[in-house]
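Read off the chains here:
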Amino acid sequence: MDDEEGLYAKLKLLNERLWEGRASRPQIIRWLDNFPETAHTAGKCALLYLLSRFMYFGDNEIRELVRALYRDCYRYPIMENVRRDHQHTTDVSFIHSRLADELRATRFLALGNPAESGTYLLYYFRQENKLPLDLFINRTQLFTGGLATGDRALRQAGVSRYIFIDDFCGSGNQAVYYSRVVREMKAIGLAAQVPIQVHYYVLVATSQGLHRVRRKTQFDSAECVVELDSSYKCFGDESRYFPEGSEPALREACEAISRKHGARLYPEHPLGYRDSQLLVGLHHNTPNNTLPIIWYAEDRLPQWEPIFRRYPKTRTAGGAA
Amino acid sequence: MTQPPPNPFNITKATDFSDEQIVRTWVDLPGDGFFTIADPTSPMPMILSGGKGSGRTHLMRYFSYPVQKLRHPGDILASLKTDGYVGVYLRCTGLNAGRFHGKGQSSEVWDVVFAYYMDLWLTQLTLQTMGEALAGQPEFLAQQPGICMEILNIIDTSGLPQASTIESLIGVLHQLQRDIDVSVNNVALDRRLDVNIRATRGELVFRIPQIFTRRFSGLDGIQILYLVDELENLTEAQQRYIQTLIREREAPTSFKVGARRYGLRTYKTLSADEENREGSEFQMVFLDRDHIENHARYTNFARSLIARRIVEAYPPIGSADQVAEKLDGFFEDMDRTPYMQAETSFLAAQQVEERPYFTKLKKQLSAIHFTNREASEIVNRLSVPDLPLVEKLNVFLFYQDWSRRQHLLTASASIAQQCAHYLKRDPAATRHVQAMAHFRTDLFAQLLRDSGQKQRYLGLSTLIDMSAGLPRNLLQILKYTFKWASFNGQEPFSVEPIKRDAQQSGVMEASHWFFEDARVVGDHGREVEQSIERLATLFRQLRYSDKPVECSLITFSADLSFVRQEARAVIKLAEEWSLLISIPGGQRDRNTGAVDPKFELNPMLCPRWDLPISRRGAISLSKAEVNAIFYPLREVEFDTVIRDRLGRMMAPFRSSSSASEALPGFGD
């Protein structure tokens, strides 16, 4: 491992090139000041090392990811199908016209509340892929009629494909929560003899979360652009951050510090939600699957200076999370 | 998210600048300016050479027509008359010259095709320039059809469309060039090079300016200056074409050719292999050498360059002159008072006997069987607790006496006595005065090293000196320094000066960058790199030895006539790639009286090995030493060189021929 100076050189480079200037040395020092362990060089270097492994998706990367999402999860598969269904045609104008047909029969919507990050993502998704505004709806535009009145139907006439878009899938909880909506959409389609496809596309997902969504929901597909396998679990057996042959003391120090302070900050999940142990952040927020020592910034005690702040979801007007 | 402040030094290559930026960032040399070095009105062709980043491209683009136009808004023709030239700029990079080679064609064929291709290219650039410069001139409009007809008379026009305007003529020539492109690009497939050469080599290049001048009186007194940049991108055979143009130059045309030092492959021409000679066919200017030889002028130029960049990035800061005035204040400097007390204060808290150089000295004395009491007595005599630098000087003088086999207890007493005189500024203390004058920076460097501190490369002057006449090096140092300062939470060029840690880190990063950037391309790259590492290691070992004999050592001289040819080749390459800088005048050998070549390690590399930036002393390397350092794969011999050299400079000071330890002053 690099010495303190070498680690700062790496962090400087990351800050310049990827982190959008969010972690300058004074900010890092303020973050380090959370930890009494930094009184010793070894503790300080362990934390700097951990920080140097942090994977951040900035504004540019997010824009690139939404382009890749549309291209790889939506556009190419449809083009492949069109070609396969038409003797592998290479007639570009024909393929494009069928793609346009498919687009007209598609609606994109964010997974989650309109005030959540999925909606922000849709804005980028539409801009970067130059898609028309009327292909985007929100959740309230899904249904018409009421369950009680028995006239529940899908509001969008002629639409047979719905794409739910999300930025991050850690445990898969949110997508699983939406399963009820998906089930209802499909049931309505089935009753009306109009097959409805519902897909879940996400920019960054853990393998575990994605697997759970596939297993526990009726989405026709659940795809992502960046998949984080078990090697991204910071202190897991297959951790890429502490591969075989790396200094055991470093791993032990990193884990001990993360666990000790994580237990104070987020007692139920000291190493991130459902023990995800990630080191991942996005331009607009940091998932709670990431180590809490990185992002904790609640108004309540304990006081903590985050390095990549998380903006928590406040679920009621009273402020209870 | 924090938006970082704009880094004024982000762009370090003139090729990345727009024409407007070339004008805005232009800084002339103090005094008579660049025009005296590279007069664009001189009919004598010139090769502008130097290391990477010597400012060649900026200068040549400044001479080019698009920039002339920006410099002189209004009546451009009148301005060209005042300038006395019009610049036609061509970069050899965009040519993809590697295409004109091999693929089943003989070199003679490629020579002809390449020359024709270049003729067409230069011609189009000339016509574009002329067409634009003269547009709207009634006389030119009247002459245009005649000019086109005369030009078409130079070439075989069979099958070509008519052209009566400059624009349509450019279209015709462009199509001819495109046809060659297609043929050359496909020759690898069908082995057929279908090119019809329609003009004699050089005719278009020289005749067209003559036609314009003859037919349009407004061009009287205006030289057509071809600015051919980045010659290093052409092969030797292709460079011969350029050399031929230089040799066959005809008024009103002249050339300025830009090439990196290592990129000048030949002076031969296509005219019966005749070779162009400096002073006869062309004038040679090495921009970086010129800067190095005019240190004060370069320093002032560098300061103006920095000020200009800062003003460009932060306009409210004031004028370039105002910024230049306060430039030093933007960079924290170190205490440069005679005893550097502020810089050495980290030792003040340490007990004298625990100071690292005394701990080491006591160990060395113990190894030659001095008692603890004797060693402590010596340390006590040499110590000057409040002035660690003077203390270090005493230790150095003590080592000198030790190497001269003097009685050590007596020597320490004598040094203590002389030191007392020295501190009272008694002129009799000449030994101390002279040694401090010579070795002050080395002793300070040793103090830092002894204490595990980083070497200090601080202050604007140091940064400028480190750049060794290459403005791009300076910009790189400043670019990295600025980035470090921003990362460290500073706002450079605002209230407080850039702190030392940012300067230190910036300098170190720039040094690493230079070592990578100046890496010799080709088979010998690794050999040159290893040799430079060996040379720098030798300098470092000598600098941090107990008794360095040369101060600020980054220079060597050697008689290269009898060293191995391979070693000579490595030195030549290292010089061409600016890793070594040749010192004009060389060094007179003390024994033979002959003048040996002398080379300085590029100061950009020095921080990598904790070496000084400014050179003073030089060592003379023997034939064996040169071979051991510069002849590839000589690790074993090099170790011997180091051992021999160091043995004479490290206590107990063995002579090179004897491995036995000397025990001076013991047991009297």
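Residues numbered from 1 in each chain as written. Chains lettered and ligands numbered in written order. Predicted model: local features only at pLDDT ≥ 70, side-chain atom pairs only at ≥ 80, totals over all residues.

**Digging into the overall build of chain A**
Phase 1: A tally of helices and strands in chain A yields 11 helices and eight strands.
Phase 2: For chain A, the spread of C-alpha atoms along the principal axes amounts to about 70 × 50 × 30 Å.
Phase 3: Looking at chain A as a whole, 34% of its 321 residues qualify as buried.
Phase 4: Contacts in chain A between residues at least 24 apart in sequence constitute 60% of all its contacts with a sequence separation of at least 6. (Helix = DSSP H or I, 4+ residues; strand = E, 2+ residues; numbered from the N terminus. Buried ≥ 20, exposed ≤ 12 C-beta atoms within 10 Å, placed from the backbone. Contact = placed C-beta atoms within 7 Å.)

**A word on the pairing of strand 2 (residues 85–91) of chain B**
Residue and element names in this part refer to chain B.
Phase 1: Judged by how many residues are buried, strand 2 sits mostly within the fold: six of seven residues are covered.
Phase 2: Note that strand 2 and strand 3 (residues 223–229) share seven bridges and pair parallel. Bridge pairing in strand 3 links V86 to I224. (Pairing = 2+ DSSP bridges.)

**Topic: the sheet that holds strand 2 of chain B**
Adjacent strands of a sheet form backbone hydrogen bonds with each other and so pair up, either parallel or antiparallel.
Residue and element names in this part refer to chain B.
Phase 1: Taken together, five strands build an open sheet; the order of strands is 2-3-4-1-5 and the sheet is parallel. Two strands close off the open sheet at either side, each with one partner strand: strand 2 and strand 5 (283–286). The sheet shows a mean angle of 20 degrees between the axes of neighbouring strands, taken without regard to direction.
Phase 2: Looking at chain direction, strand 3 and strand 4 (residues 253–258) are connected through five bridges and run parallel. Bridge pairing links L225 to S254 in strand 4. (Axes fitted to C-alpha atoms, helices over the stretch in contact; angles between N-to-C directions.)

**Notes on the environment of D190 of chain B**
All names here are of chain B.
Phase 1: Locating D190 in the fold gives a position in helix 8 (residues 166–190).
Phase 2: Assessed through the 11 C-beta atoms surrounding it within 10 Å, D190 is described here as exposed.
Phase 3: The spacing of D190 and A569 is 379 residues in sequence and 41 Å in space, taken between C-alpha atoms.

**What to know about the nonpolar core**
Across soluble globular proteins, nonpolar side chains have a tendency to be buried as a group.
Phase 1: Counting 148 residues, the largest nonpolar core has L227, V228, F539, A574 and L601 of chain B as its most contacted members.
Phase 2: Taken domain by domain, this core gets at least three of its residues from each of domain 1 (32–293) and domain 3 (523–668) of chain B.
Phase 3: If near-sequence neighbours (up to four positions away) are discounted, V228 of chain B is found in contact with L90, C92, I242, F255, V257 and G258 of chain B.
Phase 4: Among the nonpolar cores identified, the runner-up in size contains 72 residues, and A23, I62, Y201 and L282 of chain A belong to it. (Core = buried A, V, L, I, M, F, W, Y, C linked by C-beta atoms within 7 Å. Domains from an automatic or database assignment.)

**Details of helix 12 (residues 295–313) of chain B**
Note that an α-helix has 3.6 residues per turn; residues three or four places apart therefore point the same way.
Residues and elements named next belong to chain B.
Phase 1: Between the first and last C-alpha of helix 12 there are 27 Å, a value that for 19 residues agrees with the 27 Å anticipated at 1.5 Å per step.
Phase 2: Within helix 12, the full set of buried residues consists of Y298, F301, A302, R303, L305, I306, A307, R309, I310 and V311.
Phase 3: Check the buried side of helix 12 and you find it contacts helix 11 (287–293), helix 13 (320–325), helix 19 (460–466) and helix 20 (471–487). (Expected span 1.5 Å × (residues − 1).)

**Regarding the confidence of the model for chain B**
All names here are of chain B.
Phase 1: Across chain B, the average pLDDT comes to 90, with 97% of residues at 70 or higher.
Phase 2: Taken together, the stretch residues 657–668 has pLDDT below 50 and engages in 21 contacts with residues farther than four places along the chain or on a different chain.
Phase 3: With pTM at 0.87, the complex prediction returns an ipTM value of 0.85. (pLDDT = per-residue confidence, 0-100.)

**What to know about the domain arrangement of chain B**
Phase 1: In terms of domain boundaries, chain B breaks down into domain 1 (32–293), domain 2 (345–450) and domain 3 (523–668).
Phase 2: Here the C-alpha centre of domain 2 of chain B lies 66 Å away from the C-alpha centre of domain 1 of chain B.

**Structural notes on helix 23 (residues 565–576) of chain B**
Residue and element names in this part refer to chain B.
Phase 1: Helix length check: helix 23 (12 residues) gives 16 Å between terminal C-alpha atoms against 16 Å at 1.5 Å per residue, within 8%.
Phase 2: Within helix 23 the residues assigned to the buried category are A567, V570, I571, L573 and A574. Burial along helix 23 is one-sided: seen end-on, the buried residues are contained in an arc of 165 degrees.
Phase 3: Lining the buried residues of helix 23 we find helix 22 (525–543), strand 7 (580–582) and helix 24 (623–630). (Arc of directions from axis to C-beta.)

**Details of the domain arrangement of chain A**
One widely used convention gives an interface's size as the accessible area the parts lose upon coming together.
Residue and element names in this part refer to chain A.
Phase 1: Taken domain by domain, chain A comprises domain 1 (4–53 + 234–295) and domain 2 (59–228).
Phase 2: A straight line from the C-alpha centre of domain 1 to that of domain 2 covers 34 Å.
Phase 3: The interface of domain 1 with domain 2 comprises 12 residues on the first partner and 11 residues on the second.
Phase 4: Looking at the side of domain 1 that touches domain 2 residue by residue, the class counts come to five nonpolar, five polar and two charged. (Nonpolar A, V, L, I, M, F, W, Y, C, P; charged D, E, K, R; others polar.)

**Points about the sheet that holds strand 7 (residues 221–228) of chain A**
Residue and element names in this part refer to chain A.
Phase 1: Strand order in the open sheet formed by four strands is 2-5-6-7, and the pairing between neighbours is parallel. The outermost strands of the open sheet, each flanked by one partner alone, are strand 2 (106–110) and strand 7. With strand direction ignored, the average angle separating the axes of adjacent strands in the sheet is 20 degrees.
Phase 2: Here strand 6 (residues 197–206) pairs with strand 7 via seven bridges, running parallel.

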